[in-house]
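# Examination of the molecular architecture
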Amino acid sequence: MPNRYLFVLAVLMFLSPAQVGAGPLVVDARLHHLRAGTQREWADFPAESEGATLTTKFRAKANAGEQTLRLRQQDVKQTWKVLLNGKELGRLVADENDTEIVFPVPAGRLVDGENVLVIETAGRISDDIRVGEIVLEDRPVKAFLSEAIVEVTVREEVRPGERVPVPCRVTVLSARGALAPTSAISTDRLAVRPGVIYTADGAATFGLPAGEYTIHAGRGFEYGLDTVRVSLKPGDRVRKELTIRREVPTPGFVACDTHVHTLTHSGHGDATDIERVISAAGEGLELLVATDHNVQVDHHAVAVKAGVRKYLTPVVGNEVTTSVGHFNVFPLAVTAPTPDFKVKDWKGVATALGEPKAPRIVILNHPRDLHAKFRPFGPERHIALTGEDLDGWVLPANALEVVNSGAQQTDVMLPVRDWFGALNRGTFLTPVGSSDSHDVSRYIVGQGRTYIRCADDRPGAIDVNEAIKNFAAGCVTVSCGLLTEIAVGAHGPGDLAPVKGDVEVSVRVLGPAWVKADRVELYANGVKVHESAIKDGNKAGEKWTGKWTLPRPAHDVHLVAVATGPGVEGLFWPIGKSYQPASLVVRKRVIGLSGAVWIAGDGDGKRSSARDYAKKVVADAGTDWQKAVKALGTYDEAVAAQAAGLLRGAGISPSDKDVRASARGAGAHVLRGFDAFAEAWRASQIARQEAKP
């Protein structure tokens, strides 16, 4: 908080309203906990709130001209109105981040004597917020926000001694650590929200009230931060130059966000199309897939207009938004017919999308989220462990969104395990990371992203055909704050690696200094086989590197490396809370996972899934289930789980004591697979029963 406000608050708290004269008037000096709805939203809020409405009475004089009301808000998700003397001044910003905002108070809105300020919810959906620290300034908003001027120039040091202007994000924090309002407005070169300025060319000039501020400059996940603190007095004009440097090397990989929206074309959120391309360039994205709802959009023209076209390559796509799931489809022609989004099942989705004439990506988005009363991979219709759709639907997609930074799961590994189950069933899906951003700064575009193996030396001229081909082949790694690389010899994600002896797996975890990694794990067919704590996870660049050795498997296996760490809290790149939380406890994590590298254990030169082997074992045994269970001893836990599902379909329960005894005799891994399937099956049956009307 500016020093003069600290003084005002300290003095005015001891004065009666009648003693308050000209200058800043403290309407309410503290933050209040309000709650919309009846349910507690998060455990970090008290069990009981102060109510659904904040009513503050204060004495003032009638205003002949515009004045400014300033307040602080935290954790706002739903709609909250701000009223002064019965008339709406505006609404709180739908943003969970700690933010200071201002409202113009029109001439004549204040009255002599008692005035009443009300902040109230406009809905019934649960929303715990904090709001308060309300100050009335006796100046118009423009004058208040332009008390001092700051000129910021941000350059990237591309090599020692060479610095060039670059699109970036500038974050402005008040002395209280909240996002601070500035006088900047969005233009053809700027995308602006309270405390956040994306600049297309590294330059931004803006006003601020006098006080103490922290200014960060960054360019998304691959870059470090530069930070400067400024102390502003009325009438100051301050120039600051900041330098950012690449901290995460990604040669030969293109940074892609496959799930982005605009207010212009989707009709919700707050980012216009030109704000979207500026913010995407400012986050260092190189391949930007437009996926507005049920419409094809080409961002080429607005990227040219904003001056960022050389930094990124736009791709036309469509989030085909149906009542049975949301599917991102690309590349498409902007003039192509819009796929029918009123279909009622996945067969209808496949028909609506049609057979592509060229390689195409179809992603099932946020598989664990509930939309239109349908959750694609909910337990009521899907067994995640074995990738089984209980209604017999065939997924019309070749990729799965496993990380969505705008709709992160309480358990960040939940959709990752869904992907493991699909691979084990033989549904070979490419893992995808994306942001699902509809906003300039609330959910950051490119925070969740996918790195595609592809030439990246000319970001404005990415070979889209090469990118799509490699994407479909699974030559990717998924990032949300961390980047995890995996290699078996010269082979990486999407490859089938031939082996002659033990399998040596090389893993590397990367990230900027402002992201921490604390754990890395290796999964074989979805089962964790190695893990390590990361002791020096705050390093810039390479945070961990190591090798693990596995005995050569007798069958094909997919290997995936996953690194995680605590979620970023800094308002220069904050990780959001869970969109549809499964717990009141806030769990934010960063994650980086490799694509799958396949080990050719059986040596036949093709990928075979756990289900392929399970089907052969069960078929070879005929009606002798004991023979089948015994044969599973030479396979792994994932094959055993698939076999348990097949046996259940033949009327043999994996929970039967004799079956479990045979599984135990075949090996501990076989029993674990059978027990895991039995538990997953029971959970799905309970969920299906509960889901019935």
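Everything below is about the structure shown above.
Residues numbered from 1 in each chain as written. Predicted model: local features only at pLDDT ≥ 70, side-chain atom pairs only at ≥ 80, totals over all residues. Heavy atoms only, no water.

## A look at the overall build of the protein
For the record, the criterion: Counting from the N terminus, the helices are DSSP H or I runs at least four residues long and the strands are E runs at least two residues long. Just to be clear, the radius of gyration here is over C-alpha atoms, and the globule rule we use is 2.2 Å times residues to the power 0.38. Note on contacts: a residue pair is in contact if any heavy atoms of the two residues lie within 4.5 Å. Counting rule for charge: Lys and Arg are taken as positive, Asp and Glu as negative, and neither His nor the chain ends is counted. Think of each charge as sitting on NZ of Lys, CZ of Arg, CG of Asp or CD of Glu.
A count of helical and extended segments in the protein gives 13 helices and 38 strands. Scaling as 2.2 N^0.38, a compact globule of 693 residues should have a C-alpha radius of gyration of about 26 Å, and the protein matches this with 28 Å. Here the C-alpha coordinates of the protein stretch approximately 90 × 60 × 55 Å along the principal axes. In the protein, once contacts between residues fewer than 6 apart in sequence are set aside, the share between residues at least 24 apart is 73%. Measuring between centres, the 82 positive side-chain charges of the protein sit 1 Å from its 82 negative side-chain charges.

## Considering the packing of helix H12 (residues 657-666) against helix H13 (residues 668-691)
Put simply, the test is: An axis is simply a line fitted to the C-alpha atoms; with a helix, the fit covers only the stretch in contact. Between two such axes, the angle follows the N-to-C directions and lies from 0 to 180 degrees. The nonpolar class holds Ala, Val, Leu, Ile, Met, Phe, Trp, Tyr, Cys and Pro. Asp, Glu, Lys and Arg form the charged class, and all remaining residues, Gly among them, are polar.
Running from amino to carboxyl end, H12 crosses H13 at an angle of 145°, the nearest separation of the two axes being 5 Å. Within the contact between the two elements, H12 uses Val659, Arg660, Ala663, Arg664 and Ala666 and H13 uses Ala668, His669, Val670, Leu671, Phe674 and Asp675. The class makeup of the residues in the contact of H12 with H13 is seven nonpolar, one polar and three charged.

## Quick look at the pairing of strand E34 (residues 527-533)
Test applied: When DSSP locates at least two bridges between a pair of strands, those strands are taken to pair.
In the sheet, strand E33 (residues 519-524) pairs with E34 via six bridges, with the strands oriented antiparallel. In the sheet register, Val520 faces E34, and the bridge partner there is Ser532. Here E33 folds back onto E34, and the loop between the two strands holds two residues, one of which, Asn525, carries a positive phi near 50°.

## Side note on the sheet that holds strand E27 (residues 430-434)
Strand order in this open sheet of five strands is E21-E22-E23-E26-E27, and the pairing throughout is mixed. One side of each edge strand has no neighbouring strand; the edge strands of this open sheet are strand E21 (318-322) and E27. Across the sheet, the mean angle from the axis of one strand to that of its neighbour is 35°, orientation sign disregarded. Two strands pair when backbone bridges link them, and strand E22 (residues 325-330) and strand E23 (residues 361-364) are joined in this way by four bridges, in the antiparallel orientation.

## What about helix H6 (residues 346-353)?
What sets the pattern is the α-helix's 3.6 residues per turn: residues three or four places apart point alike. What counts, and what does not: For every residue, the accessible area obtained with a 1.4 Å probe (protein chains only) is divided by the maximum for its type, and the residue is called buried under 20%, exposed over 50%, and partly exposed between those limits. Taking the helix axis as origin, the arc is that swept by the directions to the C-beta atoms. We define a polar contact as two N or O atoms separated by no more than 3.5 Å, with the added condition that, inside protein, one atom must be a possible hydrogen donor and the other a possible acceptor, whereas residues neighbouring each other in sequence contribute only through side-chain atom pairs.
Turning to H6, its buried residues are Trp346, Gly348, Val349 and Leu353. Across the axial projection of H6, the buried residues extend over an arc of 150°, all falling on one side. Away from its buried face by more than 90 degrees, H6 exposes Lys347 and Thr351. The opening residue of H6, the one whose side-chain oxygen lies 3.3 Å from the backbone nitrogen of Lys347, is Asp345.

## Quick look at helix H4 (residues 273-282)
Buried residues dominate H4, accounting for ten of its ten residues. All buried positions along H4 are accounted for by Asp273, Ile274, Glu275, Arg276, Val277, Ile278, Ser279, Ala280, Ala281 and Gly282. Positive backbone phi, at 80°, marks Gly284, one or two positions downstream of H4.

## What about the sheet that holds strand E35 (residues 541-550)?
Sheets are built from strands paired through backbone hydrogen bonds, the pairs being either parallel or antiparallel. A sheet is described by the order of its strands in space; here three strands give the open sequence E30-E32-E35, paired in antiparallel fashion. Looking at which strands have only one partner, the edges of the open sheet turn out to be strand E30 (483-487) and E35. Taking the axes of each pair of neighbouring strands and ignoring which way they run, one obtains an average angle of 15° across the sheet. Here strand E32 (residues 503-511) runs beside E35; their pairing, made up of nine bridges, is antiparallel.

## Brief notes about the packing of aromatic side chains
What characterises a pair of aromatic rings is the spacing of the ring centres plus the angle enclosed by the ring planes. To keep it simple, the criterion reads: Here is the rule: rings of Phe, Tyr and Trp (six-membered ring for Trp) pair when centre to centre is within 6.5 Å. Planes less than 30 degrees apart are stacked, more than 60 are edge-to-face, and the remainder are tilted. Two thresholds decide whether a charge sits over a ring: the Lys NZ or Arg CZ must be within 6 Å of the ring centre and within 35 degrees of the ring normal.
Inspection of every chain in the model, using the stated rule, returns twelve aromatic pairs. Both rings, one in Trp544 and one in Trp548, keep their centres 5.3 Å apart while their planes meet at 35°; by these two values the pair is tilted. Of the aromatic side chains, those joined through ring pairs into one cluster are Trp346, Phe374 and Trp393. Arg130 extends its terminal NZ or CZ atom over the ring of Phe45, reaching a point 4.0 Å from the ring centre.

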